[in-house]
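# Inside the fold
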Amino acid sequence: MRDMDETRVRQELFELVRDVDVAPGLERRTIKRVRRQRVLNATLSVVVAVGLIAGVAIGASSVLSTDRTPTIGGGGETPLPSVGVRPFQGIWPETDATGLADTQAQVDDGHQPLRADPVGTAQLLAVNVFGWPPGEFGADHVDVREDRATVTVVNPTFGDPVPPITVELAQLGRTGPNGVWSVTGVSSPLIEVNRIGALHDDSFTVAGRLAETLLDPTRVADSWAPTGISVEIVTGLSPDSAVSGDILPLAETWGWTTPPLNEPAVLWIEIVDDRGRALGATAIPLPTPFEQVPEPTPSASVSEPSPVQPPPVDVTAVPPATAETARLIYDGVLALDFKLLASLLDPNTFVHNADDGSNPIPGWRDDPTVLDAIPAILTLPPTAPLEIEGYGTLYLWPYLVDSDFTNLTDRERQDLAFLGFSGRDIDIMVEQDHYLGPRLAIDADGMWRNYITGGE
Amino acid sequence: MVVTAERPRTERSDGGRLEELFRVHAPEATRLAFLLTGERALAEDLVQDAFVKLLGRFRDLRNPDAFWWYLRRTIVNLSRSQFRRRKVERAWLATQRPEAAAPGPDLGERDRMRRALMTLRPEQRAAIVLRYYEDLSEADTAEALGIPIGTVKSTVSRGMDRLREELSRDA
């Protein structure tokens, strides 16, 4: 071995690993972790919106209240926007009075007879919006009261786990036998919208929960499989009028942020299956313009705090330099101000997911969703100071990093739920005896030292 | 509104693909990780971490057919950073839950090579393993390590010098 040439090195290296093989059970453990990680990724991808909305809606201090836990119920009971300007109540097909007048003229000329019938209009919605093939579904319940109607449409091919979708309709122009019916609301027990509103002047956020039955593989039938949550803001009739939209991964809690509009629009949220059909749908007319959402007056209920103030970063009991960095990280992430974020860390020593010693900023710039979890975790307290050799005193957010998962307190469980983790996710962490979610560290001098989105 | 956006693939659509990828690539990944870490238990952890990291986001890979390329690069990156990461994140945990670092059975002559490899700096070890075990060109090694070709040459050269020195000392 003294005479080390390349050929000899090759031989030695191959000899060294001659009997190295995959350990028994490694495949099972690895695949299990992969599947679990996918669950966590799906959850983490919506953490920030849920956290922010929870903070905006009820204040950081009341986030931990068990009263916050929503129940899956009819969409009509969700806290829909109650402020703003929306002159036309229709959300489909027409979204303004001019469009409705045009349709009424066509109906008067003998065209579009289904539009003069609430059930017919609901069926058109099912075909054109829900993607249900004609003949595959029916109207389960019809309640017509003068110029208002409620129709539930059901697709029997989905089976019991998928309940009917409720369609609210109204005659918004002419009333009576030949008046055109318009859809004014759509809701499904599968989708709950917890909160919707303007987060800042430059962003609009919606967040909610899905029924657990959709996430339970044992309840999913062979004939359908949910693949994602479609969220879209639509301003008109055609598909081109979808001004923004996304497909979110399936998760018990979800959230979505988009730039606000200054024109009437409708938010459509659908759970779509692998054939593009809607298993559940909710449509919400949006107040416009969002910037006009008023802040509460002093006489407003304490349960309705300002919708424009972000939750405070929890910097209690940390040094001033650490606190300042935490606040700047929070602000930088919300604003996606990468210049600011870069100024808070040393790329040569910063630890992040890439694990390759590289500067994290380019990667974050390419995929800023990596940062989504940060505002939420900064609203929780940090750990007690930790002395790490070579790194000095570190404060890790959230404090759950240092929790004893074999003996979780109610508060810790509530905080994990606040971060968006389902009961199943928490069980996994208990099993692993580790916090597996996102965490970051800031040292006592205010240097941002790491950010890991998940894992052990 | 018509839902026409691209649908994300789900777990249900994997159809055993995860298991297949693991079975095809795990043996070679384990051997590579062992060469880079010198410890079987650590190699297992590293392979597991790499698969989790990669398969967890497999749908996002630009070229899933190049899975081994991604996996190899991930393993190398993880191995290079493991000590730094542990310092930051787990040093204090390790004191609470010490884990035995079992190097594996005594392999005699082979163990001398293993120990010699472990004296190299992580980037030297990675460069030598990629060049002479994975049989990558200098250019491919540079790409895998994310460093210039010139740096690969100098790193391999210094690593080889160090290997000779260590093995001659052992002899």
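The paragraphs below set out a description of the structure included in this document. (Residues numbered from 1 in each chain as written. Chains lettered and ligands numbered in written order. Predicted model: local features only at pLDDT ≥ 70, side-chain atom pairs only at ≥ 80, totals over all residues. Heavy atoms only, no water.)

### Looking at the pattern of salt bridges
Residues and elements named next belong to chain A. Quick note on the threshold: Salt-bridge detection follows one rule: a side-chain nitrogen of Lys or Arg within 4 Å of a carboxyl oxygen of Asp or Glu. Strands here are runs of E lasting at least two residues and helices are runs of H or I lasting at least four, both read from the DSSP assignment and numbered beginning at the N terminus. Only protein chains enter the area calculation, which uses a 1.4 Å probe; residues under 20% of their type maximum are buried, those over 50% are exposed, and those in between are partly exposed.
Tallying each qualifying case throughout the model produces 16 salt bridges over all chains. With a shortest N-O distance of 3.3 Å, Arg8 and Glu12 are connected by a salt bridge. Placement of both Arg8 and Glu12 in helix H1 (residues 6-16) is noted, with a separation of 4 residues, approximately one turn of the helix. A residue is classified by how much of its surface remains accessible, and Glu12, at 9% relative accessible area, is buried. Among the ionic pairs, Arg115 bridges to Glu94, the shortest N-O distance being 2.8 Å. In this pair, Arg115 sits in the loop between helix H4 (97-108) and helix H5 (118-128) while Glu94 sits in the loop between helix H3 (47-58) and H4, placing the two residues 21 residues apart along the sequence. Each of the two residues, Arg115 as well as Glu94, counts as buried.

### Structural notes on the side chain of Thr74 of chain B
As a reminder of what qualifies: Residue contacts follow a heavy-atom distance rule, with two residues in contact if any of their heavy atoms lie within 4.5 Å.
For Thr74 of chain B, the position within the fold is in helix H3 (residues 67-96). When sequence neighbours within four positions are dropped, the list of residues in contact with Thr74 of chain B reads Ala50, Lys53 and Leu54 of chain B.

### With respect to the sheet that holds strand E15 (residues 439-443) of chain A
Residues and elements named next belong to chain A. To keep things clear, this is the line we draw: Two strands pair under a simple rule: DSSP has to find at least two bridges between them. Angles run from 0 to 180 degrees between N-to-C directions of axes, and those axes are lines fitted to C-alpha atoms, restricted for helices to the stretch in contact.
Here we have 5 strands laid out as an open sheet, ordered E12-E16-E15-E14-E13, and mixed in their pairing. Of all strands in the sheet, those bounded by a partner on one side alone are strand E12 (351-352) and strand E13 (386-388). Pairing of E13 with strand E14 (residues 392-397) involves 3 bridges; the strand directions are antiparallel. By the bridge assignment for E14, Leu386 is matched with Leu394. Here helix H6 (residues 320-335) sits on the sheet in contact with E14, E15 and strand E16 (448-452), set at roughly 140° to E15.

### A closer look at the packing of H1 of chain A against helix H5 (residues 122-133) of chain B
Put simply, the test is: Any angle from 65 to 115 degrees is called roughly perpendicular, while one under 35 is roughly parallel, one over 145 is roughly antiparallel, and all others are oblique. By the convention adopted, Pro, Cys, Tyr, Trp, Phe, Met, Ile, Leu, Val and Ala count as nonpolar, Lys, Arg, Asp and Glu as charged, and the other residues, Gly among them, as polar.
At their nearest, the axes of H1 of chain A and H5 of chain B sit 9 Å apart, and the two run at 95° to each other. Classified by the angle between their axes, H1 of chain A and H5 of chain B sit roughly perpendicular to one another. Only Ile128, Val129, Arg131, Tyr132 and Tyr133 of chain B of H5 of chain B make contact with H1 of chain A, whose side of the interface consists of Glu6, Val9, Arg10, Leu13 and Phe14 of chain A. Taken together, the residues of the contact of H1 of chain A with H5 of chain B sort by class into 7 nonpolar, no polar and 3 charged.

### Observations concerning helix H11 (residues 423-432) of chain A
All names here are of chain A. What counts here: The directions considered for the arc are those from the helix axis to the C-beta atoms.
Three or more residues of H11 are buried, namely Asp425, Ile426, Ile428 and Met429. Considered in projection along H11, the buried side chains sweep an arc of 155° and stay on one side of the axis. At the C-terminal side of H11, Asp433 shows a positive phi close to 60°.

Don't take any of this as a statement about function, it's just geometry.
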